[in-house]
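Next come the chains, spelled out residue by residue.
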Amino acid sequence: MFNKRNILLLATSTLLAWGCQKIVHGYLSDRIFYQVNPFVVQQGVTTVSSSLVADGSTEPLHVKVISLKDSLGNDADSILNTPRNIVTYTGTLTPADSTIALLNAKLKDRYVRPFNIAEIGGRLQFTAATTYVPAGTYNMDLLVSNIRGSETLKNACQINITPLTNTYNAGY
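Numbering of residues begins from 1 in every chain and follows the order in which that chain's sequence is written. Where totals are concerned, whole chains, interfaces and linings use all residues; where local detail is concerned, this predicted model gives features only for residues with pLDDT of at least 70, and gives and counts side-chain atom pairs only at 80 or more. To get the side-chain values, take all heavy atoms of the structure and skip hydrogens and water.

1. With respect to the sheet that holds strand β7 (residues 124-126)
Put simply, the rule is: Pairs of strands are assigned from DSSP output, requiring at least two bridges between the strands. Numbering goes from the N terminus for both helices and strands, where a helix is a DSSP run of H or I of at least four residues and a strand is a run of E of at least two.
An order of β2-β7-β6 is seen for the three strands of this open sheet, with the pairing classed as antiparallel. In this open sheet, the two edge strands, each paired with only one partner strand, are β2 (47-48) and β6 (115-117). Bridge count between β6 and β7: three bridges; the pairing is antiparallel. Its bridge partner being in β7, Asn116 is matched across the sheet by Gln125.

So this is what it looks like as C-alpha coordinates:
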(Lines give C-alpha, C1' and ligand atoms only; values in the text may rest on other atoms or scores of the structure.)
Protein backbone atom coordinates (compact mmCIF):
# COMPACT_ATOMS: atom_id res chain seq x y z
CA MET A 1 0.00 0.00 0.00
CA PHE A 2 2.76 2.53 0.91
CA ASN A 3 5.38 1.79 -1.63
CA LYS A 4 8.08 4.15 -2.84
CA ARG A 5 6.03 5.21 -5.81
CA ASN A 6 2.97 6.24 -3.76
CA ILE A 7 5.11 8.08 -1.21
CA LEU A 8 6.97 9.91 -3.98
CA LEU A 9 3.67 10.80 -5.69
CA LEU A 10 2.20 12.08 -2.40
CA ALA A 11 5.34 14.16 -1.62
CA THR A 12 5.42 15.61 -5.13
CA SER A 13 1.71 16.51 -4.99
CA THR A 14 2.12 18.16 -1.59
CA LEU A 15 5.14 20.21 -2.69
CA LEU A 16 3.44 21.21 -5.91
CA ALA A 17 0.31 22.38 -4.07
CA TRP A 18 2.34 24.23 -1.42
CA GLY A 19 4.63 25.80 -4.03
CA CYS A 20 1.67 27.26 -5.93
CA GLN A 21 0.50 29.48 -3.09
CA LYS A 22 0.53 33.16 -3.86
CA ILE A 23 3.51 35.03 -2.44
CA VAL A 24 2.52 37.98 -0.27
CA HIS A 25 4.58 41.07 -1.12
CA GLY A 26 5.52 43.77 1.36
CA TYR A 27 4.82 44.50 4.98
CA LEU A 28 2.86 47.30 6.65
CA SER A 29 3.47 47.75 10.36
CA ASP A 30 0.77 48.86 12.75
CA ARG A 31 3.43 50.80 14.71
CA ILE A 32 4.28 53.61 12.25
CA PHE A 33 4.98 56.90 14.05
CA TYR A 34 6.74 60.27 14.02
CA GLN A 35 10.03 60.34 15.95
CA VAL A 36 9.35 63.87 17.26
CA ASN A 37 5.86 63.98 18.71
CA PRO A 38 4.65 66.55 19.71
CA PHE A 39 6.16 68.62 16.91
CA VAL A 40 6.73 72.29 17.83
CA VAL A 41 6.45 75.03 15.22
CA GLN A 42 7.01 78.73 15.88
CA GLN A 43 4.62 81.01 14.00
CA GLY A 44 6.20 82.41 10.86
CA VAL A 45 9.23 80.10 10.90
CA THR A 46 9.74 77.53 8.14
CA THR A 47 10.00 74.15 9.86
CA VAL A 48 10.34 70.62 8.47
CA SER A 49 10.04 67.30 10.31
CA SER A 50 11.67 64.00 9.57
CA SER A 51 9.71 61.31 7.74
CA LEU A 52 7.54 58.73 9.44
CA VAL A 53 9.38 55.92 11.19
CA ALA A 54 8.33 52.93 9.07
CA ASP A 55 9.06 50.24 11.71
CA GLY A 56 10.15 47.73 9.08
CA SER A 57 7.32 48.50 6.65
CA THR A 58 8.05 48.15 2.95
CA GLU A 59 8.78 51.56 1.52
CA PRO A 60 7.80 53.86 -0.07
CA LEU A 61 5.02 54.82 2.32
CA HIS A 62 2.30 56.95 0.70
CA VAL A 63 0.73 59.39 3.16
CA LYS A 64 -2.54 61.29 2.96
CA VAL A 65 -4.06 63.57 5.59
CA ILE A 66 -7.54 62.42 6.55
CA SER A 67 -8.30 65.17 9.06
CA LEU A 68 -6.75 68.10 10.90
CA LYS A 69 -8.29 69.06 14.25
CA ASP A 70 -7.62 71.67 16.90
CA SER A 71 -7.34 70.82 20.60
CA LEU A 72 -11.15 71.00 20.98
CA GLY A 73 -11.71 68.53 18.14
CA ASN A 74 -12.92 71.18 15.68
CA ASP A 75 -11.96 70.92 12.02
CA ALA A 76 -8.73 72.88 11.41
CA ASP A 77 -8.29 72.02 7.73
CA SER A 78 -9.20 75.52 6.54
CA ILE A 79 -6.84 77.13 9.09
CA LEU A 80 -3.80 75.07 8.08
CA ASN A 81 -4.46 74.67 4.34
CA THR A 82 -5.74 78.09 3.22
CA PRO A 83 -3.03 79.81 1.15
CA ARG A 84 -1.76 83.02 2.73
CA ASN A 85 0.29 85.89 1.34
CA ILE A 86 3.98 85.89 2.30
CA VAL A 87 7.09 87.52 0.84
CA THR A 88 9.52 85.12 -0.86
CA TYR A 89 12.75 85.39 -2.79
CA THR A 90 12.59 84.89 -6.55
CA GLY A 91 16.30 84.31 -7.02
CA THR A 92 19.61 83.74 -5.31
CA LEU A 93 21.16 86.60 -3.40
CA THR A 94 24.65 87.46 -4.62
CA PRO A 95 27.31 89.97 -3.56
CA ALA A 96 26.08 92.14 -6.45
CA ASP A 97 22.81 92.69 -4.56
CA SER A 98 24.34 95.53 -2.60
CA THR A 99 21.43 98.00 -2.48
CA ILE A 100 17.93 97.87 -1.08
CA ALA A 101 16.54 98.36 -4.60
CA LEU A 102 18.44 95.32 -5.92
CA LEU A 103 17.32 93.26 -2.93
CA ASN A 104 13.68 94.33 -3.32
CA ALA A 105 13.81 93.33 -7.00
CA LYS A 106 14.27 89.73 -5.85
CA LEU A 107 11.29 89.77 -3.48
CA LYS A 108 7.78 88.81 -4.50
CA ASP A 109 4.44 88.25 -2.78
CA ARG A 110 3.17 84.68 -3.08
CA TYR A 111 0.24 82.72 -1.72
CA VAL A 112 1.50 79.70 0.20
CA ARG A 113 -0.26 77.12 2.39
CA PRO A 114 0.93 77.14 6.02
CA PHE A 115 1.03 73.31 6.14
CA ASN A 116 1.98 70.63 3.64
CA ILE A 117 2.77 66.96 4.01
CA ALA A 118 5.06 65.04 1.68
CA GLU A 119 3.00 62.41 -0.14
CA ILE A 120 5.86 59.93 0.11
CA GLY A 121 7.33 59.49 3.58
CA GLY A 122 5.01 61.90 5.39
CA ARG A 123 7.48 64.69 6.12
CA LEU A 124 5.66 67.64 7.75
CA GLN A 125 6.36 71.01 6.15
CA PHE A 126 5.39 74.31 7.75
CA THR A 127 5.96 77.61 5.93
CA ALA A 128 6.24 81.24 6.98
CA ALA A 129 2.47 81.44 6.40
CA THR A 130 2.04 79.92 9.88
CA THR A 131 2.15 83.57 10.98
CA TYR A 132 -1.59 83.55 10.18
CA VAL A 133 -2.32 80.32 12.10
CA PRO A 134 -3.56 80.80 15.67
CA ALA A 135 -1.18 79.47 18.30
CA GLY A 136 -2.42 76.21 19.76
CA THR A 137 -2.39 72.44 19.57
CA TYR A 138 -3.46 70.57 16.46
CA ASN A 139 -3.79 66.83 15.77
CA MET A 140 -3.98 64.96 12.50
CA ASP A 141 -5.20 61.60 11.28
CA LEU A 142 -3.31 59.99 8.40
CA LEU A 143 -3.89 57.25 5.87
CA VAL A 144 -0.61 55.44 5.26
CA SER A 145 -0.35 52.91 2.43
CA ASN A 146 2.20 50.83 0.58
CA ILE A 147 2.27 47.76 -1.66
CA ARG A 148 0.78 45.66 1.17
CA GLY A 149 -2.27 47.78 1.98
CA SER A 150 -3.24 50.77 4.10
CA GLU A 151 -3.38 51.72 7.74
CA THR A 152 -5.21 54.62 9.42
CA LEU A 153 -3.14 56.45 12.03
CA LYS A 154 -5.42 58.27 14.49
CA ASN A 155 -3.74 61.24 16.18
CA ALA A 156 -0.56 60.51 14.22
CA CYS A 157 1.15 63.67 15.40
CA GLN A 158 0.40 66.49 17.80
CA ILE A 159 1.46 69.83 16.34
CA ASN A 160 2.10 72.70 18.76
CA ILE A 161 2.14 76.07 17.07
CA THR A 162 3.66 78.64 19.40
CA PRO A 163 4.13 82.40 19.12
CA LEU A 164 7.51 83.52 17.78
CA THR A 165 9.66 83.91 20.88
CA ASN A 166 13.18 84.07 19.54
CA THR A 167 14.45 85.16 16.18
CA TYR A 168 17.58 83.64 14.72
CA ASN A 169 20.56 83.93 17.03
CA ALA A 170 24.09 83.38 15.72
CA GLY A 171 25.32 82.58 19.22
CA TYR A 172 27.14 85.79 20.12
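Having seen the structure, we can now continue with the description.
2. Structural notes on the side chain of Thr88
The cut-off we apply is this: Buried means the residue's accessible area, taken with a 1.4 Å probe over protein chains only, is under 20% of the maximum for its type, while exposed means over 50%, and partly exposed covers the values in between.
The topology assignment puts Thr88 in strand β4 (residues 84-89). Judged by relative accessible area, Thr88 falls into the buried class, the value being 17%.

3. Some remarks on the packing of aromatic side chains
Selection criterion: For Phe, Tyr and Trp, where Trp contributes only its six-membered ring, two rings pair if their centres lie within 6.5 Å, and the inter-plane angle classes them as stacked under 30 degrees, edge-to-face over 60, or tilted in between.
Inspection of the entire model under this criterion finds two aromatic pairs. Ring centres of Phe39 and Phe126 lie 6.0 Å apart, and the angle between their planes is 25 degrees; this geometry places the pair in the stacked category. Taken together, the residues span a long stretch of sequence, with Phe39 in strand β1 (residues 39-42) and Phe126 in strand β7 at a distance of 87 residues. Phe126 shares its class with Phe39; the two are buried. Where Phe115 meets Phe126, the ring centres are 5.1 Å apart and the plane angle is 40 degrees; that geometry is what we call tilted.

4. Structural notes on the environment of Asn37
Note the following rule: Here, two residues are considered to be in contact whenever any of their heavy atoms come within 4.5 Å of each other. Identification of polar contacts relies on pairs of N or O atoms within 3.5 Å, with a donor-acceptor requirement for protein atoms, meaning one able to donate a hydrogen and the other able to accept it, and with residues adjacent in sequence counted only if both atoms are side-chain atoms.
For Asn37, the position within the fold is in the loop between α1 (4-19) and β1. Its relative accessible area of 38% is what places Asn37 among the partly exposed residues. Along the backbone, Asn37 and Gln158 are 121 residues apart, and their C-alpha atoms lie at a distance of 6.1 Å. Ignoring any residue separated from it by four or fewer positions in sequence, one finds Asn37 in contact with Ala156, Cys157 and Gln158. There is a polar contact of 3.3 Å between the side chain of Asn37 and the backbone oxygen of Ala156. A polar side-chain atom of Asn37 sits 2.9 Å from the main-chain amide nitrogen of Gln158.

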